[in-house]
Amino acid sequence: MQRFTSPRKLSTLAALLVASVLAPACVDRSPTGEDSSFDVAIASTSWNVGDVFAAVGNGRYNVYNNAGIFKEFISQGLPGFSAGCGFNPTLTRLYTTNFSNNRVVVFDDASPHAIVQNIPTGDQSLESIVFDAAGNFYVGHADGARDVKKFDAAGNPVATFDPQVGPRGTDWVELAADQATLFYTSEGGLIRRFNVATNTQLANFADVGGNSYALRLLPPGDGSGGLLVAHSTNVLRVNGSGAVVQTYDAPGEDLWFALNLDPDGTSFWSGGIISGQFYKFDIATGAVLVTVNTGAPGSLGGLCIKGELTASVPPPPPTGTCFGLPATITGAGNIVGTPGNDVIIGSAGPDVIQGLGGDDRICGLGGDDRLFGGDGNDRVHGGDGNDLVEGQTGNDLLEGGNGNDNVQGNAGDDDVQGNGGDDLVFGNAGTDSNDGGTGTDTCYDPQGATFLRCETTVNINFP
């Protein structure tokens, strides 16, 4: 599969892709280098919001948590080049594409993640998929008729669209918040638009030159906030006027190809098809937050994230309660509150939550979390996992929850509780109550503090 025009790069990539396509359908190589045979989904873990799915060739996707730690892999049961993917709006199914066999292979979100559908698209070189708010999905094709096909939520074909293309096809597609405007790239410099409601071509959004691949709109999702696009030699941030305002890159990357937004709204993931590596970037600063080597050079054909932000599917309203109050903010990964009073609930995975100002309620749920109350009189609960819970200023209630936690009161008169597990409990400044809870706990505080259920106590004066 030819992905660019440079003869040197073309020959290198072609050789790698031929090797991927011709490999036996039921034999693949694990990240540890051990051969593993399969012809169905191979899975043993739950998929959490923030988990990253990387298409690594031979019909396979590697699954990583939001910190970039490998969890498992799944197989489409098909040979060929795996490409773009995405979850349906309810996050109950993962839809994957097979470039070589032109099929959408659908996995159940529930473990063991069985294949529940295998949908032929009727065109060639299927590469990308995007959902509308109703659960219908659109797929783009690089070759053949090079059309965009629409399917309903049950996988039945609904419509075919024939937008302008060139030099390739409707490779990578993105649907705007209006549910009608399709932004897409054709491996050239143009970022085009097409209205799927009226079946009409619209004015081009931008001409950034070079070779453009996967793209995602930034809030508010209508183009006015710009977009991100993988652009071969780097990743571009394009503003609402179509001008490049920021670039992102990493050493040694020659062909940025895959891209998707993280659920935290402040970062994105992108990867190089040649290197087989992908990265998490901070959108504002361009800093690389996570680096992952899939061990699949020449085969990184797509990235998607459970709970990823797409313009066409609004995020669900916050659900759940924390310390008896309904959530006002939910998410996964890096979650930041407001200067006011927030009720923040994290995910089943590892989260970093900052309450900032106000009297906040923060619940970390699962994973090894880092929770910071900030200013105000906060209540913070770590949940499951080995957590860092820190109250910072104010008179706080701090609970480690299950796991071996580090619970710190800092300034103010705090109620610091380790709960279950073997905990480190720090009262720090102020008149604090330190309760280790069950387990073998160590409590630190200045002389005169209250110690409860602490197997070891250390009286120290903090500066």
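**Comments concerning the pairing of strand E22 (residues 244–248)**
Moving on, step 1. Bridge count between strand E21 (residues 234–238) and E22: four bridges; the pairing is antiparallel. Within E22, the position partnered with Arg-237 by the bridge is Gln-246.
Moving on, step 2. Where E21 hands over to E22, the hairpin turn is made up of five residues, of which Gly-242 adopts a positive phi near 90°.

**Considering the environment of Pro-326**
Moving on, step 1. Tracing the backbone through its elements, the reader meets Pro-326 in strand E29 (residues 325–326).
Moving on, step 2. Look at Pro-326 and you get exposed, because its relative accessible area is 55%.
Moving on, step 3. Contact partners of Pro-326, with chain neighbours within four places excluded, come to Gly-320, Thr-321 and Val-343.

**Brief notes about the sheet that holds strand E40 (residues 415–417)**
Moving on, step 1. Here eight strands make up an open sheet; going across it, the order is E30-E32-E34-E36-E38-E40-E42-E44 and the pairing parallel. Whereas interior strands pair on both sides, the edge strands pair on one side only; in this sheet they are strand E30 (329–330) and strand E44 (450–452).
Moving on, step 2. As defined by bridge partners, strand E32 (residues 343–345) adjoins strand E34 (residues 361–363) across three bridges and the pair is classed as parallel. Along E34, the bridge assignment pairs Ile-344 with Ile-362.

**Notes on the state of the cysteines**
The bond known as a disulfide is covalent and runs between the sulfur atoms of two cysteines.
Moving on, step 1. Summed over all chains, the structure comprises three disulfides.
Moving on, step 2. With a sulfur-sulfur separation of 2.1 Å, Cys-85 is cross-linked through a disulfide to Cys-304. Residues Cys-85 and Cys-304 are joined through a disulfide that is left-handed, its torsion about the S-S bond being -105°. Here Cys-85 is found in strand E6 (residues 82–87), whereas its partner Cys-304 is found in strand E27 (residues 302–305), with 219 residues between them in sequence. The exposure classification of Cys-85 matches that of Cys-304, with both residues buried.
Moving on, step 3. Disulfide partner of Cys-443: Cys-454, at an S-S distance of 1.9 Å. Sign of the S-S torsion, about -80° for the bond between Cys-443 and Cys-454, identifies this disulfide as left-handed. Taken together, the positions of Cys-443 in strand E43 (residues 442–445) and Cys-454 in the loop between E44 and strand E45 (456–459) put the pair 11 residues apart, joining distant regions of the chain.
Moving on, step 4. Of note for the chain: the bonded cysteines, numbered N- to C-terminal, pair according to 1-2, 3-4, 5-6.

Thresholds applied
Residues numbered from 1 in each chain as written. Predicted model: local features only at pLDDT ≥ 70, side-chain atom pairs only at ≥ 80, totals over all residues. Heavy atoms only, no water. Pairing = 2+ DSSP bridges. Helix = DSSP H or I, 4+ residues; strand = E, 2+ residues; numbered from the N terminus. Buried < 20%, exposed > 50% of the residue type's maximum accessible area, 1.4 Å probe, protein only. Contact = heavy atoms within 4.5 Å. Disulfide = S-S within 2.5 Å.

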